[in-house]
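Residue strings, one per chain:
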Amino acid sequence: MGKYNVTIGLEMHCEVSKTNSKVFSSARNEYSDLANSNIRPIDMGFPGTLPVLNKECVRMSLMMSEVLHCRQPEYVYFERKNYYYPDMPKNFQITQNPPEDCVGMNGYLDIIRDDNTTFRVGIDNIHLEEDAASMNHLYDTSTIDYNRAGVPLLELVTEPCIKSADDAVSFLEYMRTIYQYCNISEADTKKGQIRCDVNISISDNEELGTKVEIKNVNSFGGVHDAIVYEIKRQSELKDAGRYDEVEQETRRWDEESGTTIRMRSKVDAIDYKYFVEPNIPRYKVSKEWLEEIRKSIPELPYERKDNYITKYGLSDYDATILVKDKNISDYFEKCLELGIDAKIACNWVDVNIVGYLNKNEMDIIDFYLTPEMLKFIIDNMNSGTISSKQAKEVFFKVLEEEKEPKNFISKENAQISDASELESIIEEILKNNENQVNEYKNGKTNLFDYFVGQVMKNTRGKANPVITKELLHKKLD
Amino acid sequence: MKYMNLSITELHEKLKNGEVTSEELVKESLELSHKVQDKCNAFVTILDDAKGGNVTDDLLSGIPYGVKDNYSLKGVLSTGSSNTLKDYVPFFTATAVANLAKHGAIVVNKTAMDEFGMGGTGTTGHTGIQKNPWDVTRMCAGSSSGSAAAVASGVYPYALGSDTGDSIRKPAAYCGIVGYKPTYGMISRYGLFAFASSLDHCGVLTRSVRDAAIVVDGMKGIDKYDMTTWDSSNIHLNDNLTNDVKGKKLFYIKELCDIENYKDATDELKTHLENFKETIKKCESLGITVEGVSIDSKLLNAIPSTYVVVSCAEATSNMSNLTGLIFGPRGEGSNYIEMMKDHRTKGFSPLIKRRFIIGSYVLQSENQDRYFKNAQRVRRLIVDKVKELFKEYDGLIMPVGTGVAKHLDGSKDILKSDTAALEDHLQIGNFGGFPSITIPNGFIDNLPVGINITGNCYDDQNVLNIAYALEGTMNYKGQIAGGDK
């Protein structure tokens, strides 16, 4: 990618969506269309309210800390980050303040690229904090929805060690699946559950160049494009001998124009006046609890993928598609549990199901056709009741009408596998095609497919092809 | 017949035997409230529609009391004596008040205070100054000024206070009554407007040690809304109150109690320290050993500044929620920043603004280590030193302040810098979260003075027992300002 060394560091904020309540508030942690419905007095900063730490959030944070090979703190505690903004009615955010102890410090994660090469991302820290309210800026007014205020947020900070936009996206995508696999978050960018800041610099030697921060990039596509744009912008300035114009500053990604726009210089950085939150006593992290958490880490996507390849003989490509979304992978495993052959199940999931989901921009959780229904269809195909072509038709009928597959597999359209029935049909056809029969017998054997076609035509495709061929050979040879 | 000058146990007996009804007590308390309002300006709100309640076997049932205005009370104006919350009516009740309600206690007024508890004079609240019922030209001290004035005037047997530096224990001394803040976390702070969270305590002002024990028994308890609370269900302060304190050991800080250490000491200070010595003798007559202990003067002299730095820093952050946007009177301006500035500029008294500036300054990244972190280190050193002494002693006994209540017209008081540590040593109790109680121990020129006993964390019973026994050797229990008891 060009002549300069590119160095990228990422800050990935992921909302924890799988807890019942918020991180320091007993309000429900649940996305709601009804604004300001999941709130308690503390979420609006009413006088006399106090934060109460949600232990489940700490457990999940420590699990992520383990997954990222981080060092865990002896005590969990929190700090106040003080600044005035209407999305945070207390006007301070309860967070952690690395390099002071936080839930995870100094870890790493190995990432496999699409071409199967790997790279390591250093993790500076991962820390737990509360999210702010969401704001909507209209023409002459702004609205605030406090439902999001106090929602647990995990902020992961990588070391400046990523070398390209593609690697950055590979890392983020893998992190997203980890959050899903660990049942910590849906990690849905469409719901705004993941937000990224990107730090980027270029250099023509070993030293790091001037770091530019791009704030609040809300999609992985955006991360990719923002990095590419920023490398180009900085490189062009450097090429032109104007690298001193690259300033240590904060910019934002403007999706519409596909550019980054200056927000403020680092010189104007806010002094957050951090200090330890006095209302949350230090919480001792016991060895036993950490061990328990460590043991409860589920199988992660790369492990699953290896299993699929070695145990079931799936291709790397197929296995990669399966594990990319935990729910799809779970669907596949349910199919195996029901006794569907791994390769057949994989084929159905990867081709038909994933294809359908992508086309309809759907999540598999909302997918009507259950693994049990899929098994029913495949069983009928295997027993010869329906052809593979019919199986596909039934599959789409089920989705279209949202009715059980048995409604579409009936006697009427069932495959004809009854040998005597087929025999009489074949005899009839041979009788009506005497010329072709003679030609065949004189050596024009490629007419065999013609007879098969006639049988299919006669039965409107319902004849069992295997039995049909068997019978034809018997009659003709 | 007047009842409100009686103790809780006396009132309970009269309620039980039908001599008086709860309704009559509430009526009397409300009438007295209006009188004391005229005399001392002790209240922000008098709940004229308060009703009597059921009388059960619970000592607190049916008896009226007052609540400091920084406790949230559902449906009742709760201002913290600040213009920033002058119309604020909470929609939830502070846990401590809710606990007392479960015991059948009846709130009859909200007492005035220094704005948000940030003051020691009772002169900075938005409804004006509180006057000392013993001498209305003098202050009550603060910040629980209204509660102290009301209890000392006999409006009811007790009122709630809060204590961040000495805000219960100093007004108690100036008003000749008892002020007790138990160990940090024994009473939930949920619903109490925060001043400095690591120093804030709930507590009570009463006219006897037993009443203080009864009320705190009713207020305390672990609370799922306050993580700093702890389970005290096995502690029954009133049931275990005893005056058998033989063999207990107390210490006082030698340097602070020796009149020789104050150049040009006033007669008042001399009398105050003489009186303290007399009280020590009374302790000894109870079989308590009392010893003078030296503490490094560097540490003692650092107490006031350590307190200022820690409390102002936490306060400036805690009170950032007061913007007038979600609650409180909305400021004027064309955007939220201007509105917020307008609200805070108009709403806060100059004293508070000064403290916010100090708090902000000591937290700035370039100053934080020098001021805030150092203050935390010194706090730790002071607490460690006192805890070390608590291994050997049951408690610290000290005179409260340098004498009697100061004049409201400050020009009449002579202030000397060498008495700063004597004036402010009660802050040690907040640094360590120690249980600490002030009881009256005499008069100087017809004005009350007090003595304080502070013990180790979770050792509330011991502290109360010593105070209870000592109270029994003196004649000030249950006294009413200007009263005949």
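Cut-off values and rules
Each residue is numbered by its place in its chain's sequence as written, counting from 1. Naming scheme: in the order in which they are written, chains are lettered from A and ligands are numbered from 1. At least 70 in pLDDT is required for a residue's local features to be given in this predicted model, at least 80 for side-chain atom pairs to be given and counted, and no such filter applies to totals for whole chains, interfaces and linings, which use all residues. The basis for every side-chain value is the complete set of heavy atoms in the structure, and neither hydrogens nor water enter the calculation. Strands here mean DSSP runs of E at least two residues long; helices mean DSSP runs of H or I at least four residues long; both are numbered from the N terminus. In summary, the pairing rule links any two rings of Phe, Tyr or Trp, Trp by its six-membered ring, whose centres are within 6.5 Å, and it sorts them by plane angle into stacked for under 30 degrees, edge-to-face for over 60 and tilted for everything else. Exposure is judged per residue with a 1.4 Å probe applied to protein chains only, and the accessible area is read against the type maximum: over 50% gives exposed, under 20% gives buried, and values in between give partly exposed. A ring has a charge above it when a Lys NZ or an Arg CZ is no more than 6 Å from the ring centre and no more than 35 degrees off the ring normal. The term nonpolar core refers to a set of buried residues drawn from Ala, Val, Leu, Ile, Met, Phe, Trp, Tyr and Cys, joined through side-chain atoms within 4.5 Å. By the convention used here, residues are in contact when the closest approach between their heavy atoms is within 4.5 Å. Each polar contact in these results corresponds to two N or O atoms within 3.5 Å; when the atoms are within protein, one needs to be able to donate a hydrogen and the other to accept it, and residues that are neighboring in sequence are counted only if both atoms are side-chain atoms. Nonpolar residues are Ala, Val, Leu, Ile, Met, Phe, Trp, Tyr, Cys and Pro. Charged residues are Asp, Glu, Lys and Arg, and all others, Gly as well, are polar. Angles here are taken between N-to-C directions and fall from 0 to 180 degrees, while the axes themselves are lines fitted to C-alpha atoms, restricted in helices to the stretch in contact. Should an angle fall under 35 degrees it is called roughly parallel, over 145 degrees roughly antiparallel, and 65 to 115 degrees roughly perpendicular, with every other angle called oblique. Crossing handedness: left-handed means the near helix sits turned counterclockwise from the far one by under a right angle, and right-handed means the same turn made clockwise. The rule for pairing is simple: two strands pair if DSSP sees at least two bridges between them. One side-chain nitrogen of Lys or Arg within 4 Å of one carboxyl oxygen of Asp or Glu is enough to make a salt bridge. Expected helix span is given by 1.5 Å per residue-to-residue step, counting one fewer step than there are residues. In this context, the arc is that of the directions from the helix axis out to the C-beta atoms.

> What's the story with unusual backbone geometry in this structure? I'm lost.
Note: most peptide bonds trans; most residues except glycine with negative phi. All names here are of chain A. The step from Pro98 to Pro99 runs through a cis peptide bond, and the omega angle for that step is 10 degrees. With respect to the helices and strands, the residue Pro99 is situated in the loop between strand 4 (92–95) and strand 5 (104–112). One non-glycine residue, Asn91, lies in positive phi territory at about 65 degrees. Within the element layout of this structure, Asn91 appears in the loop between strand 3 (79–82) and strand 4.

> What should I look at first to understand the packing of aromatic side chains in this one?
The description of an aromatic ring pair rests on the distance of the ring centres and on the angle between the ring planes. A full pass over the atoms with the stated rule returns 36 aromatic pairs over all chains. A ring pair is formed by Tyr190 of chain B and Tyr225 of chain B, whose centres lie 4.8 Å apart and whose planes are at 25 degrees; its orientation type is stacked. Linking Tyr190 of chain B in the loop between strand 7 (178–181) and strand 8 (201–206) with Tyr225 of chain B in the loop between helix 6 (209–219) and strand 9 (249–253), this pair joins segments that are 35 residues apart in sequence. Residue classification places Tyr190 of chain B among the buried residues on the basis of a relative accessible area of 7%. Tyr225 of chain B gets classed as partly exposed once you look at its relative accessible area, which sits at 25%. Through a chain of ring-to-ring contacts, three or more aromatic side chains come together here, namely Phe46 of chain A together with Tyr88, Phe91, Phe92, Phe116, Tyr190, Phe193, Tyr225, Phe327, Phe348 and Phe356 of chain B. Its guanidinium or amino end placed over the ring of Tyr108 of chain A, Arg120 of chain A lies 3.8 Å from that ring's centre, counting from NZ or CZ. Cation over ring: Lys238 of chain A sits above Tyr243 of chain A, and NZ or CZ is 4.0 Å from the ring centre.

> Where do I start with the nonpolar core in this structure?
Most often, soluble globular proteins keep nonpolar side chains buried together rather than apart. Ranked by size, the top nonpolar core spans 147 residues in total, and within it Tyr71, Tyr158, Leu160, Ile397 and Ile437 of chain B carry the most contacts. Residues in contact with Tyr71 of chain B, not counting those within four places in the same chain, are Ser78, Ala94, Ala96, Val97, Lys110, Leu160, Gly161, Gly191, Leu192, Cys202, Gly203 and Met219 of chain B.

> What is the right way to look at the interface of chain B and chain A in this model?
Size of an interface, as often reported, equals the accessible area lost when the parts are brought together. With 37 residues of chain B in contact, the opposing surface of chain A contributes 31 residues. Run the count over chain B and chain A and you get 12 residue pairs in polar contact (both at pLDDT 80 or more). Elements with a minimum of two residues in the side of chain B that touches chain A: helix 10 (303–318), helix 11 (336–347) and helix 12 (350–363) of chain B. Ranked by residue count, the leading element in the side of chain B that touches chain A is helix 10 of chain B, at 4 residues. Considered class by class, the residues forming the side of chain B that touches chain A number 17 nonpolar, 14 polar and 6 charged.

> Teacher, can you tell me more about the side chain of Thr164 of chain B here?
Residue and element names in this part refer to chain B. The residue Thr164 is located in the loop between strand 6 (158–163) and helix 5 (169–174) in this model. Exposure remark for Thr164: the relative accessible area of 5% places this residue in the buried category. Contacts of Thr164, omitting those with residues within four sequence positions, involve Phe195, Ala196, Leu199, Asp200, Tyr307 and Asn430.

> Looking at this model, I keep getting lost on the packing of helix 5 (residues 301–312) of chain A against helix 7 (residues 326–337) of chain A. Mind explaining?
The relative placement of two packed helices comes down to the angle between their axes together with the axis-to-axis distance. Residue and element names in this part refer to chain A. The contact between helix 5 and helix 7 brings their axes to 12 Å, and the two run at 30 degrees. Taken as axis vectors, helix 5 and helix 7 run roughly parallel relative to one another. Every pair of crossing elements has a handedness; the one defined by helix 5 and helix 7 is left-handed. Where helix 5 approaches helix 7, its residues Arg304, Tyr308 and Tyr312 are matched on the opposing element by Lys326, Ser329, Asp330, Phe332, Glu333 and Leu336.

> How should the sheet that holds strand 3 of chain A be read in this particular structure?
Across a sheet, strands are paired by hydrogen bonds formed along the backbone, either parallel or antiparallel in direction. Strand order in the open sheet formed by 3 strands is 4-3-14 (chain A), and the pairing between neighbours is antiparallel. The outermost strands of the open sheet, each flanked by one partner alone, are strand 4 and strand 14 (275–276) of chain A.

> Honestly, the pattern of salt bridges in this entry has me stumped. Any pointers?
Following the criterion strictly, the structure yields 56 salt bridges over all chains and no others. Put simply, Lys375 of chain A and Asp379 of chain A hold a salt bridge, and the shortest N to O gap is 3.2 Å. Placement of the pair is Lys375 of chain A and Asp379 of chain A together in helix 9 (residues 371–382), with a separation of 4 residues, close to one helical turn. On the basis of relative accessibility, which here comes to 25%, the residue Lys375 of chain A falls in the partly exposed class. Where Arg189 of chain B meets Asp226 of chain B, a salt bridge forms, and the shortest distance between an N and an O atom there is 3.7 Å. Here Asp226 of chain B lies in the loop between helix 6 and strand 9 and Arg189 of chain B lies in the loop between strand 7 and strand 8, a separation of 37 residues in the sequence. For the pair Arg189 of chain B and Asp226 of chain B, one class covers both residues: buried.

> I keep staring at helix 12 of chain B and nothing clicks. Help me out?
Since one α-helical turn is 3.6 residues long, residues separated by three or four positions face the same way. Here helix 12 of chain B is 14 residues long and its end C-alpha atoms lie 20 Å apart, about the 20 Å a rise of 1.5 Å per residue gives. Those residues of helix 12 of chain B lying buried are Ile352, Arg355, Phe356, Gly359, Val362 and Leu363 of chain B. An end-on view of helix 12 of chain B places all buried positions within 135 degrees of arc, on one side of the element. Opposite the packed face of helix 12 of chain B, turned more than 90 degrees from it, sit the exposed residues Pro350, Arg354 and Ile357 of chain B. Looking at the buried positions of helix 12 of chain B, the neighbouring elements they touch are strand 14 of chain A together with helix 10, helix 11 and helix 13 (369–392) of chain B.

> Is there a simple way to explain the sheet that holds strand 5 of chain A in this structure?
Residue and element names in this part refer to chain A. Read from one edge of the open sheet, 8 strands run 5-6-9-1-10-11-12-13, paired in mixed fashion. Since the sheet does not close on itself, it has two edges, and those belong to strand 5 and strand 13 (259–265), each with one partner. Neighbour-to-neighbour, the strand axes of this sheet turn through a mean angle of 30 degrees, independent of strand direction. Relative to strand 10 (residues 194–203), strand 1 (residues 5–15) runs antiparallel, the two being bridged by 10 bridges.

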